[in-house]
Amino acid sequence: MSPRERVASGRRLRMPRGVSVGVSVGLVAVPLVVAVLGPLLPYDARPGLPYSPEGVLGTDGLGRDVLGLLLVGGRSALGMAIGAVVLAYLIGGLIGLTAASTRHRWLDEGMMRPLDVLLPLPSLLVISVVAVGWRASAIAITVAVAMVNVPTVARLVRAAALDAASGPVVEALRMQRESWFTIQLGYVGRSVLGPVAADLGTRITLAVFLVASVNFLGLGLSPTAPDWAVSVSRNREGLLLQPWSVLAPALLLVSFTLGFNLLADRLVHRSRRLVESAR
Amino acid sequence: MRSYAAQRAGLAIVQLAVLSVLVFVLTSLLPGDAADLRFTETLTPSQVAALRAELGLDQPPVERFVHWLGNVLTGDLGTSLISGGPVVDIVRHSIGATLVLTLATLAIVVPLAVALGIVMGTRENGRVDRAITSITLALSAIPDFVIAVVLVAVFSLKLGWLPATWIGGNLLSSPALLILPIAVLFGRTVCLLSRQVRAGTVAALNAEYVTQARRLGIPRRQLLLRHVLPNAAVPGVQELARTGDTLLGGVLVVEAIFAIPGFATALVDGVETRDIPTVQGLTLVLAVAALLINLGADLVCNRLVPRTALLR
Amino acid sequence: MTPVVRVTGLSATAGEAVLVDGVSFEVVAGEVTALVGASGSGKTTSALALLGEHADGVQLGGYVEVDGQLVVASNGVTAAAQSIRGRVVAYMPQHPGSALNPARRIGTTLQELAKLHDGDAREAVRAAQVPGDRSTLKRFPYQFSGGQRQRVALAQTLTCRPKVLVLDEPSTGLDSITRLQLVHELRDLAATGLGILLLSHDLDLVRALASRVVVLDAGQVIATDVLPPAPDLKVTGTSAAGQPLLTAMNLSASLRPRGRDVVLHEADLAVRAGACLGVVGRSGSGKTTLARCLAGLHERYTGTILLDDEPLPVLRKRTRDQHRRVQYVWQEVRGSFDERRPVDQQVARTAQRLRGLAPDKAHAEAVATLARLGVAAITAARPPSRLSGGELQRAALARAVLANPDVLICDEITTALDDHGTALVLDLLTELKDRGTALIWIGHDLRLVAAVADRVLVLDAGRVVEQGPPATITTEPHHELTRRLVAATRIGNPQSPPAETPPVLTTDSRSEPRR
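Residues numbered from 1 in each chain as written. Chains lettered and ligands numbered in written order. Predicted model: local features only at pLDDT ≥ 70, side-chain atom pairs only at ≥ 80, totals over all residues. Heavy atoms only, no water.

Going by the annotation in an unreviewed UniProt entry, the name recorded for chain C is Peptide/nickel transport system ATP-binding protein, with Kribbella pratensis given as the source organism.

Keep this limit in mind: UniProt positions are given in the numbering used here, feature names are shortened, and annotations may be inferred rather than shown by experiment.
As recorded in an unreviewed UniProt entry, chain A goes by the name Peptide/nickel transport system permease protein, listed as coming from Kribbella pratensis. We quote the UniProt Sequence similarities (unreviewed entry) comment for chain A here in full: "Belongs to the binding-protein-dependent transport system permease family."

Structure (structure tokens):
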């Protein structure tokens, strides 16, 4: 390729930004694999003295093996966050799609207006209250995290779906007598997918943060739970004595959120480019 | 424009009404009340019942709500079940530290984020842009408490440069106390905000009206300041309102770690001791603050780039 | 007379690709020079070179001299370029409405430009026919209608007191009456001594205005001062007698529920098999709403629509056969295609869903119909974003035609087509008519409508104000609007008032095409 040509197509060449997809996926995959497969591993965690260097990663403040804790602590840390986002999308997505596709204005307004009112509720506040009310219940925290995300998800899905559903494409498809399913899933659904995928990354990060913050504050799971965020909180005085007891769970959390952030960033760029090229 | 402001304020009033109900319901849902929690070991069941009656906990919820709302409207947030003092006093004592923390953070974050966002936006996909983007992206992926734990370990425990916890006294008179908490709060907020300003700048720079202004000979500096900036600021201001939520979560964590007797600490204490009037009072104040921030942000955005109507 | 702009051997290259190759033209004060060509012919690239502007990675060469200053020299854009922007050359983009900053009051920008270029905002506002009072100047762009916004954008450019005004496709989206108004206004502007460079594929407009014409194709000048002849629009078809196929009676339509915002008032129409009904009117006269009611897409209407004497319900209640028999071709074509699927597949779906054809057969028919309309199979296999507006417009027609409809409603389907494309479309429609398809042809250009229709219906503000055979309508118009529409058909005609300068264009070629 000649230098001049490179200048001409420079915009496209530079687009693969920063870190490659492989790294992002790897960052997400490592904690995910640990969380999913960890509890299944036949790892023999032997208790020892507090903050001792015994074992692969030493022990924590209660003398528990850090690696053993890591292997079982991911399910709650990531599971609650992912569960909350899935739940938020099930409820919020359903509300958004229904509001966008209905021909009855009252139904649309009736579903979206209450959510507008809920938007300014401080999320950590709601979750804290719920978490304390049903102390140590992972399900309650998951539901609470999902609930604070429902209004934004519903608005996003509604806006994206309405954009697609109100355009002439849907009319053209109706003119061709395409079935309701083909139109809703094949076209409207696919149009919503782009913004949703981009949002999913940041939303999962946010959910991980919320769940972890509640647990860190001691308002969520029991202080002896093996959860990664709880571990960071419990062992923070021991950071200098036995760094891995804090850094290992922290790194797994950060790796997960960082990977998702990078993927989301890429998706945002891709969907924007799609829109631009369509103009 | 006036009609937009009126509509938006109307929405805020409705939001306020619904929020007050919600705050009451949510806090009333907490299982077990202060009477249970404090005295079950020393009192007989009949004494507990008497205490309930005294605290008004035996009345039906609707009546309690009306009573509570009536008091709130006259500025009385009730009496703490734990300390026995008025909730308003708790609010007054704790709000100072939180305000100082929040405002000091914003005072640093906002100008920096706007500057960074414009620098990135005007150099879209350039080396500087990609470098700052990568850093902000990575920083915003680290939870507040992880940053806090690491910073405390390094700067307080290891190096001993900065105090690790609150040791009493005025926050403003000993700025060293503020350095670590602000450092923790600063990272994520500046990342989120600058990314929005960047997006706004890029969008405005690529907009046809900026191209046209450039073609009519408007010099670059004037173009950036007068034609790009007002449009670029809109997503930033909206993000600032949302940042309020993130920041609040961060403040909660930071206050807990550094043992700062602020709003969040009072709230966590209240929740843990089932001091429902205190929790209701504090939650209400926070919710109203969040609501006002959202209202303000929307009005500012509408002043920057006017829209026809609020309702679709 | 000395030219204000002299372009000599202008070239624009992006790597190996040559976008503009050896283009030369001049712009003289008080005259209109037109750059003519299809989209992608290099018109805009050439015009932007006057400002020393080019896309990323594009290298300009040759000479561009503006008002005695070299803007582009052999080694690219010179430092003088910045100083001529606005002050000497002002550019009006294709959609001037979106060139206004939504965050600024219009007066603020006008004053800023006046200060910058020693211009007079007040005078510019008057020349652009924008009300110049204080409260108007304090308004934001969103408080103006689309047409007013164009005027505000013009006022902005005039405030710079340029010597050359570049207009990029100024007639896009204008109805024929407004277009005629545009012609008069541009003549007035030129009369003040302004040199105008007109970029357009609208040959009627060019014929009406330009004293110099440069025809571009694929970045090269293929002719100067010569325009292709106006096409013969006569569609020959026997207008069949017999029972009306589609009838609408007492049709009223509103935009909002419960009859608020009525846009169509008690319209009656009928069209027979093999006939063509033309519907003309200005933008916003209710033409499209009428079409959408017939197509079943617009549901807020009262009145009766009959197909073969049977009531025709709204689209979602139609039977498959009713669905097939009435088809609609969109005006806004780009938005009516799914970005993610190839165009040919989208076209083929009609035959699959409405006629039950097998996918491969439907696809073959789609490709054949598209080819007939001048859209090559390789082009049609691309996603819509890779097709031009004209190609998509023909694809949209093919999509409807594949249903073998009995009634075909065509809503402004030639706006993005050049003369050749229009001819291909009309050829196909003539064949359909001969096979017995009833056409409803909607347009704002009475000349074209009169050429294709056997009966013309004139709509004004949602009411049918006149109808009859095209010959009667064009020769003896009764209604005021019809008279103005008739006048507007003479846009390129030297006799059209107040035409001072008859175009010097002739059909004899003064310069040989270079290829």
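On we go from here.
## Focus: the interface of chain C and chain B
We apply this condition: Contact criterion: two residues are considered in contact whenever any of their non-hydrogen atoms come within 4.5 Å of each other. Summed over both partners, the accessible surface that disappears when two parts come together, traced with a 1.4 Å probe, is what is meant by buried area. Definition used for salt bridges: Asp or Glu carboxyl oxygen within 4 Å of a side-chain nitrogen of Lys or Arg. Contacts described as polar in this section are N or O atom pairs within 3.5 Å, which, within protein, must combine one atom able to donate a hydrogen with one able to accept it, while residues neighboring in sequence count only if both atoms come from side chains. To qualify as a helix, a DSSP run of H or I must reach at least 4 residues; to qualify as a strand, a run of E must reach at least 2; elements of each kind are numbered from the N terminus. Charged residues are taken to be Asp, Glu, Lys and Arg, nonpolar residues to be Ala, Val, Leu, Ile, Met, Phe, Trp, Tyr, Cys and Pro, and polar residues to be all remaining types, Gly included.
In this assembly, 29 residues from chain C lie in contact with 22 residues from chain B. When chain C packs against chain B, the two sides together hide about 2,100 Å² of surface, and 55% of this comes from carbon and sulfur. It is Asn 101, Glu 112 and Tyr 142 of chain C in chain C that bury the most area against chain B; as a group they hold 25% of the surface buried on that side. The salt bridge partner of Glu 53 of chain C is Arg 215 of chain B, with a shortest N-O separation of 2.8 Å. Remark: the boundary between chain C and chain B carries 11 residue pairs in polar contact (both at pLDDT 80 or more). Those elements that place two or more of their residues in the side of chain C that touches chain B are strand S7 (89–92), helix H3 (106–117) and helix H6 (146–159) of chain C. Per-element tally for the side of chain C that touches chain B: the top contributor is H3 of chain C, with five residues. Among the residues making up the side of chain C that touches chain B, the classes are represented as 15 nonpolar, nine polar and five charged.

## Structural notes on the interface of chain A and chain B
The interface is formed by 49 residues belonging to chain A together with 48 residues belonging to chain B. Note on chain A versus chain B: buried area summed over both sides is about 4,400 Å², and carbon and sulfur give 71% of it. Linking chain A to chain B there are zero salt bridges. Remark: the boundary between chain A and chain B carries zero residue pairs in polar contact (both at pLDDT 80 or more).

## Description of the UniProt feature "transmembrane region" (unreviewed entry) in chain A
All names here are of chain A. According to UniProt, the feature "transmembrane region" (unreviewed entry) maps to residues 21–41, 77–102, 114–132, 138–157, 200–221 and 241–264 in the numbering used here. From the first C-alpha to the last, residues 77–102 spans 38 Å; its make-up is 96% helix and 0% strand. In the segment residues 200–221, helix accounts for 77% and strand for 0%; the C-alpha atoms at its two ends are 25 Å apart.

## Quick notes on the pattern of salt bridges
All names here are of chain B. Definition in use: The cut-offs for exposure are 20% and 50% of the maximum accessible area for each residue type, with area from a 1.4 Å probe on protein chains only; residues under the lower value are buried, those over the upper are exposed, and the others partly exposed.
All chains considered together, the criterion is met by 31 salt bridges over all chains. A salt bridge links Asp 89 to Arg 92; its shortest N-O distance comes to 3.2 Å. Linking Asp 89 with Arg 92, this pair stays in helix H5 (residues 87–122), spanning three residues, or about one helical turn. Relative accessible area serves as the criterion here: at 28%, Asp 89 is assigned to the partly exposed category.

## Regarding the pairing of strand S18 (residues 407–411) of chain C
Residues and elements named next belong to chain C. In plain terms, the rule: A pair of strands is labelled paired if DSSP reports no fewer than 2 bridges between them. For a crossover, the right-handed case is the one in which the path from the first strand over the helix to the second runs clockwise, viewed with the strands pointing away from the viewer.
The buried count for S18 comes to five of five residues, which makes it a mostly enclosed element. A two-sided burial pattern is seen for S18, the buried positions comprising Val 407, Ile 409 and Asp 411 on one face and Leu 408 and Cys 410 on the other. As judged from the four bridges shared by strand S17 (residues 326–329) and S18, these two strands associate in the parallel manner. In the sheet register, Val 329 faces S18, and the bridge partner there is Cys 410. As paired strands, S18 and strand S19 (residues 438–443) are joined by five bridges and run parallel to one another. By the bridge assignment, Asp 411 is partnered in S19 with Ile 442. With helix H15 (residues 419–434) bridging S18 and its parallel neighbour S19, the resulting β-α-β unit is right-handed.

## A word on a nonpolar patch on the surface
Residue and element names in this part refer to chain A. Filter applied, for reference: Patches in this entry comprise residues that are over 30% relatively accessible and not in a salt bridge; like charges within 9 Å are linked, as are nonpolar side chains (Val, Leu, Ile, Met, Phe, Trp, Tyr) within 5 Å. All accessibility values rest on the Shrake-Rupley procedure with a 1.4 Å probe; residue burial counts only the protein chains present in the view.
The grouping of Val 86, Leu 90, Ile 91, Ile 139, Val 143 and Met 147 at the surface amounts to a nonpolar patch, some 520 Å² of accessible area in total. Among the structural elements, Met 147 can be located in helix H7 (residues 138–165). A residue is classified by how much of its surface remains accessible, and Met 147, at 38% relative accessible area, is partly exposed.

## Section: the pairing of strand S10 (residues 212–217) of chain C
All names here are of chain C. One ladder, built from four bridges, connects strand S3 (residues 32–36) with S10; its direction is parallel. By the bridge assignment, Ala 34 is partnered in S10 with Val 213. Pairing analysis gives four bridges linking S10 to strand S11 (residues 220–224), with the strands arranged antiparallel. Opposite Asp 217, over in S11, you have Gln 220 as the bridge partner. In this antiparallel pair of consecutive strands, S10 and S11, the connection spans two residues, and Ala 218 shows a positive phi of 50 degrees.

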